[in-house]
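# Coordinates in review
Here's the letter readout for the chains.
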Amino acid sequence: MLRTMYLPAQGALRTGLEPIDIAFALQDPHGLFWVDFEGMAPEECQPMLLNTFGFHPLAVDDALEESHFPKLDDWGKYLYIVLHTPRSTPENRLETLELDIFLGDNFIVTHHDAPIEAVQKVWSSIERDPRYLRGGPDHVLYRLADETASATMLAVELLDDETDAIEAEVFERPRPILVERIFAIKRSMLHLRRIIAPQREVLNKLARDEFQMIDEKDRIYFRDVYDHYVRLYEIIESVRDLVSGTLDTYLSVTNNRMNDIMKTLTLITTFFMPISFVAGFFGMNFFATPDPLTEWMTRPMFVLAGVLMVAMPTAMYFWMRRMGWMQR
């Protein structure tokens, strides 16, 4: 899908421009326009990017490949910028979408394979109030970067909340499925960490380096977004530590529960040891009882054996409890 908006120096905002109108708008040094390529095949985008805008083939190839980490390239008359924004998959995994941006003196061109909420928010706000476009293409870039930072912050906060929920569930009911969720969050955090680090440097360059397309008064806005990414990076590091601690807690709780189970089974076995001994002793069969031992087969001896079977485990229970072996 190709979307366009054009704000001339004098006049109202126009949308839905034809390719030939884009070429004329590009010649207007005082006009401002934004072209958004969303989910279009490379063969559909490439002719306009190469011929209408005159972008370098290497920059166009990078934009159409959609396989780059955040970066910033200065091509003299325009900047080529790659940003990433997070999104959740149906499998509750976190991935990032690439947003390629070409920034010139009077235009901004964006390209992405899938819908990006940050782009849609900025586009809708400009349609409601075209004055946002009067700030220049660099101000549109700032708003895209700011919305991307907000989306990333929201994703990190959701992962942080999920980690807290898992940690609480670990103490109540540790299950193997929790380990899968812990590792899923850990992989998401590692992926975000690999993205946030270079994206932070991109915003640092936009805030501090001198580029023809970035107005000096707008650098402070990029510095604000850079501060957001610095804080994001620190939060991601803390959440990673929290995830690792949650995994250690799960293993510790599981081991403790296993120890409790083994202790219970050991106590049961210990209680039945004297019973087994008495039953085994009196259950020995020698075909016929010798005359001196016939009194062992009388009723009083049977009662004595029953009393021993009850008394010995009871005495052992109180003895183990006094020794503290039955404490959890």
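Here we summarise the structure given alongside this text.

About the cut-offs
Residues numbered from 1 in each chain as written. Predicted model: local features only at pLDDT ≥ 70, side-chain atom pairs only at ≥ 80, totals over all residues. Heavy atoms only, no water. Helix = DSSP H or I, 4+ residues; strand = E, 2+ residues; numbered from the N terminus. Rg over C-alpha atoms; globule rule 2.2 N^0.38 Å. Buried < 20%, exposed > 50% of the residue type's maximum accessible area, 1.4 Å probe, protein only. Contact = heavy atoms within 4.5 Å. Areas by Shrake-Rupley, 256 points an atom, 1.4 Å probe, with all protein chains shown as cover. Lys, Arg positive; Asp, Glu negative; His and termini not counted. Charge placed at Lys NZ, Arg CZ, Asp CG, Glu CD. Phe/Tyr/Trp six-rings, centres within 6.5 Å; stacked < 30°, edge-to-face > 60°. Lys NZ or Arg CZ within 6 Å of the ring centre and 35° of its normal. Salt bridge = Lys/Arg side-chain N within 4 Å of Asp/Glu carboxyl O. Pairing = 2+ DSSP bridges.

### Focus on the overall build of the chain
Helix and strand counts for the chain come out as nine helices and seven strands. Against the compact-globule benchmark of 20 Å for 328 residues, the chain has a radius of gyration of 36 Å, which places it well outside the compact range. If one aligns the C-alpha atoms of the chain with their principal axes, the spans along those axes are about 125 × 40 × 35 Å. When each of the 328 residues of the chain is scored for burial, the buried share is 41%. In the chain, the proportion of contacts linking residues at least 24 apart, taken out of those at least 6 apart, comes to 65%. Carbon and sulfur atoms provide 57% of the accessible area of the chain, an area that totals close to 18600 Å². Averaging the locations of the 32 positively and 49 negatively charged side chains of the chain gives two centres separated by 8 Å.

### Describing the packing of aromatic side chains
Under the counting rule described, the total for this entry stands at 14 aromatic pairs. When the centroid spacing of 5.1 Å and the interplanar angle of 35° are considered together, the rings of tyrosine 80 and phenylalanine 102 count as tilted. Placement of tyrosine 80 in strand S5 (residues 79–88) and of phenylalanine 102 in strand S6 (residues 94–103) is noted, with a sequence separation of 22 residues between them. Ring geometry for tyrosine 142 against phenylalanine 222: centres 6.3 Å apart, planes inclined by 85°, an arrangement best described as edge-to-face. Remark: phenylalanine 222 occurs in helix H8 (residues 219–282) and tyrosine 142 occurs in helix H6 (residues 137–172); sequence separation between them is 80 residues. Taken individually, tyrosine 142 and phenylalanine 222 each receive the classification buried, so the pair is uniform in this respect. Among the aromatic residues, those joined into a cluster by ring pairs are Tyr6, Phe33, Phe53, Phe55, Trp75, Tyr78, Tyr80, Phe102 and Phe107. Just above the ring of tyrosine 233 sits the side chain of arginine 200; from NZ or CZ to the centre is 4.6 Å.

### Looking at the pattern of salt bridges
Using the criterion set out here, one finds nine salt bridges in the structure. Between lysine 217 and aspartate 215 there is a salt bridge, with its nearest N and O atoms 3.9 Å apart. Across the pair aspartate 218 and lysine 217 runs a salt bridge, and its minimum N-O distance is 3.6 Å. A relative accessible area of 3% places aspartate 218 in the buried class. Its relative accessible area of 55% is what places lysine 217 among the exposed residues. Here the residues in one salt-bridge network are Asp62, Lys71 and Asp73, joined through shared partners.

### Some words on the pairing of strand S3 (residues 32–38)
The element S3 is largely enclosed, with a buried count of seven among its seven residues. Burial along S3 is two-sided: the face carrying Leu32, Trp34, Asp36 and Glu38 and the face carrying Phe33, Val35 and Phe37 are both buried. Relative to S3, strand S1 (residues 2–7) is paired through six bridges, and the arrangement is antiparallel. Bridge pairing links threonine 4 to valine 35 in S3.

### Quick notes on the environment of proline 29
As for its placement among the helices and strands, proline 29 is situated in the loop between helix H1 (19–26) and S3. The exposure class of proline 29 is exposed, given its relative accessible area of 62%.

### What to know about the environment of alanine 168
Within the secondary structure, alanine 168 is located in helix H6. For the pair formed by alanine 168 and histidine 30, sequence separation is 138 residues and the distance between their alpha carbons is 58 Å.

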